[in-house]
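# A closer look at the structure
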Amino acid sequence: MAVRARRRLRAAVAAGHPATAEAGLEILAEGGTAADAAVAAALASCVAETLMTGLLGGGHAAVWDGWRVQNLDCFVAVPSGAGGPLLDVPVRFGEETVHYAVGPASCGVPGLPAGLDALRREHGRLPWARLVEPALRLARSGTDLPPRHAACLAMLEPVMTLNRGAELYSPGGRLLAAGDRLEQPGLVAALELLSAEGAASVYRGSIAQALLAVEGTVVTSGDLESYEARWAEPVEVEYAGTRFLTRGGLSGVPALLRRLPRLAGLSATERVLALVDAVDGTGPDGHTTNICVADAEGRAVVLTSSLGLGSGNFVPGLDLHLNSMLGETDLLVGPVEPGERMQSMMAPSLAVDADGPVMAIGSAGGTRLRTALCSVAAGVLDERLAPQEAVDRPRVHPAAETINAEPGVDEEALRRLEAAGRPVRRWPDLHHYFGGTSLVSRFGPAADPRRDGAALEL
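Let me begin by describing the structure that accompanies this report.

With that settled, the discussion passes to the sheet that holds strand β16 (residues 356-364). To summarise the sheet geometry, strands pair through backbone hydrogen bonds and adopt either a parallel or an antiparallel arrangement. Within the open sheet, the five strands sit side by side as β9-β10-β15-β16-β20. Their pairing is antiparallel. At either margin of the open sheet sits one strand with a lone partner, and together these are β9 (235-239) and β20 (436-441). Going from strand to strand, the sheet's axes swing by 20° on average, the running direction of each strand aside. Two elements, β16 and β20, share six bridges in a ladder whose sense is antiparallel. Residue pairing for β20: Ser-363 is matched across the bridge by Thr-437.

The next thing to look at is the environment of Leu-307. You can see Leu-307 is positioned in the loop between β12 (300-306) and β13 (314-315). Through-space distance from the C-alpha of Leu-307 to that of Val-76 is 9.2 Å; in sequence the pair is 231 residues apart. Among residues more than four places away in sequence, those in contact with Leu-307 are Thr-50, Met-52, Thr-53, Gly-54, Leu-56, Gly-57, His-287, His-321, Leu-322, Asn-323, Ser-324 and Met-325.

Turning our eyes to something else, we now look at helix α1 (residues 18-29). Here α1 contains 12 residues, and its C-alpha end-to-end distance of 16 Å stays within 8% of the 16 Å for a straight helix at 1.5 Å per residue. Here α1 has its buried residues at Ala-19, Thr-20, Ala-21, Ala-23, Gly-24, Leu-25, Ile-27 and Leu-28. Of the surrounding elements, those touching the buried residues of α1 are β1 (12-15), α2 (34-48), α4 (128-141), β11 (288-294) and β21 (454-457). Once α1 ends, the next one or two residues include Gly-31, with phi positive near 100°.

In total, this model carries four aromatic pairs according to the counting rule given. An angle of 20° between the planes, with centres 4.7 Å apart, marks the rings of Trp-427 and Tyr-433 as stacked. Residue class for Tyr-433 comes out buried when judged on its relative accessible area of 8%. Put simply, the rings of Trp-427, Tyr-433 and Phe-434 pair up and form one aromatic cluster. The ring of Tyr-433 carries Arg-368 above its face, with NZ or CZ at 4.5 Å from the centroid.

What counts and how
- Residues numbered from 1 in each chain as written.
- Predicted model: local features only at pLDDT ≥ 70, side-chain atom pairs only at ≥ 80, totals over all residues.
- Heavy atoms only, no water.
- Pairing = 2+ DSSP bridges.
- Helix = DSSP H or I, 4+ residues; strand = E, 2+ residues; numbered from the N terminus.
- Axes fitted to C-alpha atoms, helices over the stretch in contact; angles between N-to-C directions.
- Contact = heavy atoms within 4.5 Å.
- Expected span 1.5 Å × (residues − 1).
- Buried < 20%, exposed > 50% of the residue type's maximum accessible area, 1.4 Å probe, protein only.
- Phe/Tyr/Trp six-rings, centres within 6.5 Å; stacked < 30°, edge-to-face > 60°.
- Lys NZ or Arg CZ within 6 Å of the ring centre and 35° of its normal.

Following this line, the structure appears as structure tokens:
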């Protein structure tokens with residue numbers, strides 16, 4: 001179903017958890033900018049979405065400031081400490097068992113706090129402490145675990161219940177289920193420090209001291225003190241009458257959009273076959289979340305962040321989970337030098353025409369990220385679907401020779417792929433394997449039911 005566009009983005013927040021979206025909307029309603037709201041929402045996600053992200057992780061952002069798009073790199077950096085042993089943990093993912101390398105030596109130099117600080121300083125107007133408040137309230141009250149997050153926890157149990165994680169995610173020896181309260185009391189202390197000391201707490205303050213004291217970590221004080229978030233120019237692709245501005249590198253989004261033919265007017269069968277033909281390659285699974293914000297003055301921010309899988313180690317007393325990016329072997333592309341940024345598949349993106357942004361979009365999902373993001377972007381920009389319809393539409397993703405398909409993907413297309421020798425794995429339900437896409441646009445916002453996402457308009 002097509003919808004009528006406005007000339008500018010609708011003021012809204014779309015995110016991977018209702019509490020995350022509500023935090024961003026609270027700041028927008030108070031007169032904060034899109035950057036202010038994105039910072040508050042990201043901090044809230046570090047409480048409500050700790051299966052996907054956390055304060056000691058990293059991310060990438062795309063920002064429309066009213067006249068141009070800039071990318072912000074706040075992904076993790078390679079530490080300089082001596083490497084230690086990693087723990088091999090098997091995780092059952094759908095029908096496959098994936099082995100992850102975790103432990104304190106898998107933790108890279110955190111980048112997210114520096115990125116949030118840079119975002120607020122460059123494009124915000126509200127005080128830092130005010131932006132921490134929604135997250136701090138969530139930490140004090142605890143958050144309900146939505147069904148899709150509970151399903152993710154059940155899958156990640158071998159890692160999430162290591163060490164302190166057992167007390168947080170499996171209190172009394174019973175794994176949290178949908179609707180249960182997730183209590184992370186140490187995050188109260190962590191966020192109070194963050195509010196009082198600013199983002200510098202993670203790099204030169206109290207949180208830094210606590211992180212460096214974790215036995216086995218390879219992050220050094222010099223690594224933390226030298227870390228800086230970096231502004232960069234986006235990669236531009238012409239797509240469906242817009243300038244689509246995104247990230248290159250491992251994201252694969254620019255190349256996929258260039259290969260993707262126009263889908264408008266194709267049959268369902270033709271559309272699925274065209275998408276499968278355009279998507280290539282395999283890679284690591286990602287546990288990531290995404291936030292999109294637009295304010296009433298037309299500014300927009302897309303922020304994607306992650307802990308990787310998480311190392312299984314927590315900062316004592318603060319309940320901060322260490323990232324596990326050094327254990328994500330598929331991200332270790334090329335030389336790994338201390339201080340250098342690690343590679344990432346994140347692709348926060350903005351589609352812009354002569355009147356400004358048409359859509360701000362991002363996704364979670366490792367290698368499925370680009371498939372999810374590009375198929376939803378095509379649905380909105382090319383096929384003129386309503387945003388939520390484009391996000392909800394069943395997804396298909398080729399992983400090596402196997403075609404993964406959600407219920408509702410065109411059966412004729414799947415039969416043709418099987419006839420061509422491609423195994424088809426029909427998933428029984430919508431699943432977070434297929435990514436978690438959120439967007440704000442001139443046509444309204446949308447969030448992904450695969451991640452229990454929420455989209456709220458001002």
